[in-house]
Amino acid sequence: IGYVRVTHFQDKTDHDLQAFLKKMQHRLVPFKGLVLDLRNDPGGLLEQAVRVSDEFLTTGLIVYTEGRNRNQSMRFYARAGQEGKVATVPMGVLINEGSASASEIVAGALKDQKRALIVGTKSFGKGSVQTIIPLEDGSALRLTTALYFTPSGVTINEKGVNPDVVVEDKPLATDKSLQKLRDEILSQHMRAEGLTDKPWNQPITPEELDKDPQLKRAVELLRKWPPKNLAQQP
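Note that the coordinates shown come from a computational prediction; the quantities given were computed from them, not determined experimentally. (Residues numbered from 1 in each chain as written. Predicted model: local features only at pLDDT ≥ 70, side-chain atom pairs only at ≥ 80, totals over all residues. Heavy atoms only, no water.)

Student: Break down the overall build of the chain for me, citing the residues and quoting the values.
Tutor: Along its length, the chain carries 6 helices and 9 strands. Out of the 234 residues in the chain, the part that is buried amounts to 46%. For the chain, contacts bridging at least 24 residues in sequence account for 74% of all contacts bridging at least 6. Surface summary for the chain: the accessible area is close to 12,600 Å², and the carbon and sulfur share equals 51%. (Helix = DSSP H or I, 4+ residues; strand = E, 2+ residues; numbered from the N terminus. Buried < 20%, exposed > 50% of the residue type's maximum accessible area, 1.4 Å probe, protein only. Contact = heavy atoms within 4.5 Å. Areas by Shrake-Rupley, 256 points an atom, 1.4 Å probe, with all protein chains shown as cover.)

Student: Give me the lowdown on the sheet that holds strand 2 (residues 34-37), citing residues and values where you can.
Tutor: Each strand in a sheet pairs with another by means of backbone hydrogen bonds, the pair being arranged parallel or else antiparallel. On the basis of which strands lie adjacent, the open sheet formed by 5 strands has the order 1-2-5-6-9 and parallel pairing. Among the strands making up the open sheet, the edge pair consists of strand 1 (2-5) and strand 9 (165-166). Strand direction decides the pairing type here: strand 1 and strand 2, joined by 4 bridges, are parallel. Looking at strand 2, one finds that Gly2 is bridged to Leu34. Running at roughly 150 degrees to strand 6 (residues 117-120), helix 6 (residues 213-223) makes contact with strand 1, strand 2, strand 5 (91-95), strand 6 and strand 9 of the sheet. (Pairing = 2+ DSSP bridges. Axes fitted to C-alpha atoms, helices over the stretch in contact; angles between N-to-C directions.)

Student: Describe the nonpolar core, naming the residues involved and giving the relevant values.
Tutor: Grouped together as the largest cluster of nonpolar side chains are 36 residues, with contacts concentrated most on Leu34, Leu36, Phe56, Val93 and Leu110. Counting only elements with at least two residues in this core, the list comes to helix 1 (13-27), strand 2, helix 2 (46-54), strand 3 (61-67), strand 5 and helix 3 (102-112). The contacts of Leu34, once residues within four sequence positions are left out, are Ile1, Gly2, Tyr3, Val4, Leu21, Met24, Phe56, Val89, Pro90, Met91, Gly92 and Leu222. (Core = buried A, V, L, I, M, F, W, Y, C linked by side-chain atoms within 4.5 Å.)

Student: A description of the side chain of Ser101 should follow, citing residues and the corresponding values.
Tutor: When you line up the elements, Ser101 lands in the loop between strand 5 and helix 3. The class of Ser101 is buried, set by a relative accessible area of 15%. Those residues in contact with Ser101 that sit more than four places away from it in its chain are Pro42, Gly43, Gly44 and Lys126.

Student: So what's going on with helix 3? Which residues, and what values?
Tutor: With 9 of its 11 residues buried, helix 3 lies for the most part within the structure. On its buried side, helix 3 packs onto strand 2, helix 2, strand 3, strand 5, strand 6 and strand 8 (140-149). Just downstream of helix 3, Lys114 is the residue with a positive phi angle, here 60 degrees.

Student: Requested: an account of the packing of helix 2 against helix 3, with residues and values cited.
Tutor: Where helix 2 meets helix 3, the closest approach of the two axes is 9 Å, and the angle between their N-to-C directions is 30 degrees. With respect to helix 3, the element helix 2 is oriented roughly parallel. The element helix 2 and its partner helix 3 pack so that their crossing is right-handed. Residues Leu46, Ala49, Val52 and Ser53 of helix 2 touch helix 3, and the partners they reach there are Ala102, Ile105, Val106, Ala109 and Leu110. (Parallel < 35°, antiparallel > 145°, perpendicular 65-115°, else oblique. Left-handed = near helix turned anticlockwise from the far one by under 90°.)

Written as structure tokens, this is what we have:
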């Protein structure tokens, strides 16, 4: 089972993700499952959210916007026929209250298209397009001009994405959680290699899984794929 974490959505996120997925596919034979970790990802570029979603979909709507004006209403679809997609491997997507904006678009698309199980807690709920209008006195007006909607027609803004399987994060006794440790290492790699995102590419030990109940639950679900009686699972 592969694991990849996206910390934010910037201009090279899709390229970094594609490169990592190719390496993972060569290393893991057969490739039995994938966990996409979007926890505490504050978002970023809409275009990158669409491209990341497209890596796991072959067809269907990803996200759409409805705005005050007709030209602010847009629809984004998955592209068929693209090589290298991971479109059939069972997936789990991790989210929490720190997952916002672009990460919510990805989670919402993969959930509504029945492509992945969403595990964790409800996301932040940032799904608006805002325009900054400068004023004569030097201040500015921030005007919401459009809202993002998942493929099923549910707005992300102020509602967030609800997980399929709710798993609360377990507080750790130490001040160094698994997530913080990985964030520090991630930051070091980014400074050294100049990458926008550096997915984690080291094996996760059973001891680490025990410290991360959300990730552990996602792995358990993928090992027992397809899950049964999902609505009854804690």
